[in-house]
Amino acid sequence: DVCSSDLEQLPGIERSERAFTVAGNSQRSGLAYDILQRNFSPEELSLMKQYASNGYSGMSRAEVVAVNKIRNNMEALGELVNNITGRGNLGKLDKYAPELNALFFSPRNFMGRVNTNLSVFSSNPMVMKEAAQNLAAFYGTGMGLLGAAKLSGLNVGTDPNSSEFGKIILPSGTRIDIWGGNAQI
């Protein structure tokens, strides 16, 4: 049995792990920035910067109400960003994350996929809109790739009852799952 702590002793592994973490964090922060820019006015973002610097100090009652509403929306959008980028919440099982990770392949990623799909039913209109746009782009791109593969003469699994559904089948027999595991969800 090789543990990840044993692997960290190999040259380059620790730096590789760090680079992977930095790349994921960069992806999350870039997506979060784009979502904030689309959903909040410059005035709302400025009010949140003021809140981040000074708390509620010097704010009117209306500004405090606005900050609370914006903060709630930002937290909900932040959870969506985490789900989209594979850092889903395990809920009550979160305290067992290391054990779950040892038993299953990336349980947070799986929950992120499930939660992203469910977010189109969110009670928060901003989350619902962003989730719908994200899923439409994801599935639209995937369908476009499958269509392009079919037009180029490759076989594409079109039977929804088959395990090859939504996969590109190369002449060599190799199957390509462009959905990255999302087809099962």
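These figures come from a predicted structure and were not determined experimentally.

## Here we look at the packing of helix α4 (residues 61–84) against helix α7 (residues 125–151)
Where α4 contacts α7, the axes come no closer than 9 Å and their chain directions differ by 25 degrees. Judged by the angle between their axes, α4 and α7 are roughly parallel. In this structure, α4 crosses over α7, and the sense of that crossing is right-handed. Every residue of α7 that contacts α4 at N73, A76, L77, L80 and I84 is listed here: M126, V127, E130, A131 and N134. Of the residues belonging to the contact of α4 with α7, the class tally is seven nonpolar, two polar and one charged.

## Here we look at the nonpolar core
One finds F40, L47, V67, I70 and L77 to be the most contacted residues of the largest nonpolar core, which totals 14 residues. When contributions to this core are tallied by element, the ones reaching two or more residues are α3 (42–54), α4 and α7. With five residues, α4 is the largest single contributor of residues to this core. When sequence neighbours within four positions are dropped, the list of residues in contact with L47 reads M59, E63, A66, V67 and I70. In terms of nonpolar packing, the next biggest core, distinct from the first, is built from five residues, L146, V156, I168 and W179 among them.

## A look at the environment of A149
With respect to the helices and strands, the residue A149 is situated in helix α7. Residue classification places A149 among the buried residues on the basis of a relative accessible area of 6%. C-alpha separation for the pair A149 and S163, spaced 14 residues apart in sequence, amounts to 18 Å. When near neighbours in sequence (up to four residues on either side) are disregarded, A149 contacts L154, V156 and I168.

## Topic: the sheet that holds strand β2 (residues 168–169)
With antiparallel pairing, three strands are arranged side by side in an open sheet as β1-β2-β3. The sheet terminates laterally at β1 (155–156) and β3 (175–176), the two strands that pair on one side only.

## Focus: the packing of aromatic side chains
Tallied over the full model, the rule gives four aromatic pairs. Ring centres of Y51 and Y56 lie 5.1 Å apart, and the angle between their planes is 50 degrees; this geometry places the pair in the tilted category. Exposure remark for Y51: the relative accessible area of 22% places this residue in the partly exposed category. A centroid spacing of 5.7 Å and a plane angle of 40 degrees characterise the contact between Y139 and W179, whose relative ring orientation is tilted. Remark: W179 occurs in the segment after β3 and Y139 occurs in helix α7; sequence separation between them is 40 residues. Among the aromatic residues, those joined into a cluster by ring pairs are F138, Y139 and W179.

## Digging into the pattern of salt bridges
Tallied over the full model, the rule gives three salt bridges. D94 is the partner of R108 in a salt bridge, and the nearest nitrogen-oxygen pair spans 2.6 Å. One end of the pair, R108, is in helix α6 (residues 107–118); the other, D94, is in the loop between α4 and α5 (97–103), with 14 residues separating them in the sequence. The class of R108 is partly exposed, set by a relative accessible area of 21%. Judged by its relative accessible area of 34%, D94 falls in the partly exposed class.

Cut-offs and rules
- Residues numbered from 1 in each chain as written.
- Predicted model: local features only at pLDDT ≥ 70, side-chain atom pairs only at ≥ 80, totals over all residues.
- Heavy atoms only, no water.
- Axes fitted to C-alpha atoms, helices over the stretch in contact; angles between N-to-C directions.
- Helix = DSSP H or I, 4+ residues; strand = E, 2+ residues; numbered from the N terminus.
- Parallel < 35°, antiparallel > 145°, perpendicular 65-115°, else oblique.
- Left-handed = near helix turned anticlockwise from the far one by under 90°.
- Contact = heavy atoms within 4.5 Å.
- Nonpolar A, V, L, I, M, F, W, Y, C, P; charged D, E, K, R; others polar.
- Core = buried A, V, L, I, M, F, W, Y, C linked by side-chain atoms within 4.5 Å.
- Buried < 20%, exposed > 50% of the residue type's maximum accessible area, 1.4 Å probe, protein only.
- Pairing = 2+ DSSP bridges.
- Phe/Tyr/Trp six-rings, centres within 6.5 Å; stacked < 30°, edge-to-face > 60°.
- Salt bridge = Lys/Arg side-chain N within 4 Å of Asp/Glu carboxyl O.

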